Amino acid sequence: MAWVMALVILIALILYAILGGADFGAGFWDLFASGPRARRQRDLVALAIGPVWEANHVWLILVVVALFTAFPPAFAVLSIALHVPLALMLLGIVARASSYVFRNYDVAGDVVQQRWGNVFAYASAATPILLGIVVGAISSGAIRVDPERGFEVLTGFFAPWVRIFPFAVGFFALSLFAFLAAVYLIRETHDPELQEDFRLRALIAQGGVVVFALIAALTSRLGAHEEFHVRLLGSWWSWLFFAAACVVAAITTLLVVRRRYALARIFAAGEVAVVVAGWGFAHQPFLIAPDVTIENAAAPAATLRLLIIVLAVGALTLFPSLYWLYRVFKREPIFEELRRD
Amino acid sequence: MQARASMPYLALVDNLLFARTQMGVSLGFHIIFAAIGIAMPLLMVISEVAWLRTKDPDYLELTKAWAKGTAILIAIGAASGTVLSFELGLLFPGFMRHAGAVIGMPFSLEGFAFFAEAIFVGIYLYGWNRVRPALHVAAGIAVALAGALSAVFVITANAWMNHPRGFRIEDGVFVDIDPWHAMTTPFGVHQIIHMLVAAYLATGILVAAIHAWILLRHPGNPIHRKALGIAMAMVIPAAIVQPAIGDFASKQVARYQPLKLAAMEGQFKTEANAPLRILGIPDREARETRLAIELPGLLSFLSYGDRDAVVQGMEDFPEENWPPVVVHYAFQLMVLFGMLLFFLSIWAAAHWIGRRRLPQSRAFLWCVLLSGPLGMAAIEFGWIVTEVGRQPWVIYEVMRTSEAVTPMPGLIAPLIVSCLLYIGLSIAVIAVLYRQVMIAPGLPPAPGPEV
């Protein structure tokens, strides 16, 4: 049952990446809005994420609550060892959310609104980097604990994450989200000029994805836990994931180049899903390599059983509602319908 | 823990204080937006239903103005709530490590309620032209219900911290965990009802105060008269039933947490025919509450329904387990504010019963305006009673807060950052809402496009 919960958490994380991640990526493009259509690019970003960003954000909450219910010691260890980057990430999340609504609903068009827009853009860019740092630190095997003594954390508060690999993963996450957002944003408007703007951005971001993936792969040896390194690049199925990621990324790029945007949207999400899934599978049986495993951190069976029932019943209400949300807003862009002026 | 052992004792005490303060500040900030997230969607939906029924465009404008405010405040609530879910671990990992498996269930359920709230608020805010009117109203109702449901689940978890059950402790480890038994603790009932009613009351009076303020400047404005009417329709029943619910709550506290009740009331001695104290300064050295107005026998009667019942005083409990004195003051202020709102509501209700409308006088509008912050203040003081009153325990009589706090040194830094963040956010929210009110519908138009 612990394995079922680990899988559920991984799925929730994948959904957070392909939905919530894209909202952060969209905010990143607010930062790089440029050219004669800068203002329209910013409005497109704001209206595209408007109806969905809060729902997308909840996947992160689900990951957190599922983690601390199903694997309480793992949550406690992460909270201690990664206190600093997690706290900074929270700061980013709060800044992004509040500046977004202030920007969007405040009396429009003046300097104040522009300043909120800036906060929104910077927070959107910083948060995925911090998320990536957290993920990188978890993977690197630099967090050591003693499971025999109540999961006492043995390593420091900075050592596990202030290193090259977690930062490489951070920038990898940012480029991945920026790429995803650019591909999604093409489908959020009928305006061909805006579509071209984001097509170009998607291709640039895909380049960033490749570069940072390479840096992360090369630096993963530095301080990464041996076993994770071997699993990530060694076993036959990890090569399968690796190959799949490369193929999907190539197809997505091709689709964007040839302006097949509807398909590109699906493949871009697929690219991110394969990357996150590959990361998750490389991890098992660890939650935090190498001391915290799915087995030794699992909550008692009574809790896991009830939690799985709760999640299953919850999913019955959740997925139809989500389907309705995306059907209402993501079939046809609302940009032209709701744009100011 | 290793890091802990190497830290001087004093630094540890400070760290506990910093962690508790940060948690308290975060909760105190979030609770306002959580309460608004529960009640504001209901106001918005009532107004929209009135628009669909009467086709009076005033109601449509009002709905849209309220929806904008809701959008801003719910987003802040979502962000500050996320902070809290992480902070449980960031500040009190010892608590989460043991309690996660016992009490994670209501948090998981809350996750789904939060999902529903976020999904339907998106449809509500952006879907005016995309879904049929009936479905639009249904989305609004779903937001209102999901907000209330979130509160039910979160308070369930809090109730467990106050009256823990559903586990046994063996060698410092929680065993025989029964999450269902844990989340059906009897302490939840009064907490949930008291807080939900408080949310409707506090949000209602806050909204009413804003519209009263506009009406004082623009007398007779029809949109704002309607707004005041809807808001007061929510305030009046809530304020009138709240004292009775509060009475039920204090009986529950008397039954399950007699020490907390004694601290709330400044009751040091164990005695029959205990008096109810109004105001007063608890003096721990002398073990008496000075300068209080004492109503003989009333505390015994209110707690146990019998003037001769024995009320346990704080002296019955070891002093190291006493909660801080502030609990007494917070309780007095909560009750005071609740009573002021009760009397205001009686006035409004009597007028309405007699003349089928709210009082029109400027005096009434002034009273509503001045009462605006009282509801939220009462919520804050009420949570201080519950949470500070639970100290020194994080899990009542099971785990001390000091055992749960993180070994992370230097917690002053995140505390300062959070305080600055919340102060900044509060100013920003007030500024943005002020600008919203300035362009409120039906007033001389200010330049600027609509969303």
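Counting starts from 1 at the beginning of each chain's written sequence and moves along it residue by residue. Chain letters start at A and ligand numbers start at 1, both assigned in the order the entries are written. Only residues with pLDDT of 70 or above have their local features reported here, since the model is predicted, and side-chain atom pairs are shown and tallied only from 80 upward, although totals for entire chains, interfaces and linings are computed over all residues.

Quick look at the overall build of chain B now. Secondary structure elements follow DSSP: runs of H or I of four or more residues count as helices, runs of E of two or more count as strands, with numbering from the N terminus. Looking only at helices and strands, one finds 15 helices and 10 strands in chain B. In terms of overall dimensions, chain B is globule-like: its C-alpha atoms have a radius of gyration of 23 Å, near the 22 Å expected for 451 residues. In terms of principal-axis extent, the alpha carbons of chain B reach across some 65 × 50 × 40 Å. Counting only residues that meet the buried cut, chain B has 53% of its 451 residues in that class. Sequence separation of at least 24 residues holds for 75% of the intrachain contacts in chain B that already meet a minimum separation of 6. Values of the radius of gyration come from C-alpha atoms, whereas the globule rule sets the reference at 2.2 Å times the count of residues to the power 0.38. Whether a residue is buried, exposed or partly exposed follows from its count of other C-beta atoms within 10 Å of its own C-beta, namely 20 or more, 12 or fewer, or something in between, respectively; the C-beta atoms are built from the backbone. Two residues qualify as being in contact provided that their C-beta atoms, derived from the backbone, are within 7 Å of each other.

Quick look at the confidence of the model for chain B now. Residues and elements named next belong to chain B. Residues of chain B with pLDDT of at least 70 account for 95%, and the chain-wide mean is 89. As a per-residue measure, pLDDT reflects the predictor's confidence and takes values from 0 up to 100. Contacts from residues 1-8, a stretch scored under 50 in pLDDT, to residues over four places away or in other chains number 10 contacts. Predicted confidence is poor over residues 445-451, with pLDDT under 50, and the contacts of this stretch with residues over four places away or in other chains come to 12 contacts. For this predicted complex, the interface confidence reaches an ipTM of 0.90, while the overall pTM sits at 0.90.

With that settled, consider the environment of Ser79(A). Residue position: Ser79(A) is located in helix α4 (residues 72-81). Residue classification places Ser79(A) among the buried residues on the basis of 25 C-beta atoms within 10 Å. Leaving out residues up to four positions away in the same chain, Ser79(A) has contacts with Leu86(A), Gly89(B), Leu90(B) and Pro93(B).

Another point: the interface of chain B and chain A. With 59 residues of chain B in contact, the opposing surface of chain A contributes 61 residues. Of all elements in the fold, only α3 (57-91), α4 (93-126), α6 (179-183) and α15 (412-438) of chain B reach the threshold of two or more residues within the side of chain B that touches chain A. The element that contributes the greatest number of residues to the side of chain B that touches chain A is α4(B), accounting for 22 residues. Gly is placed with the polar residues, together with every amino acid not listed as nonpolar (Ala, Val, Leu, Ile, Met, Phe, Trp, Tyr, Cys and Pro) or charged (Asp, Glu, Lys and Arg). The residue makeup of the side of chain B that touches chain A, split by class, is 40 nonpolar, 14 polar and five charged.

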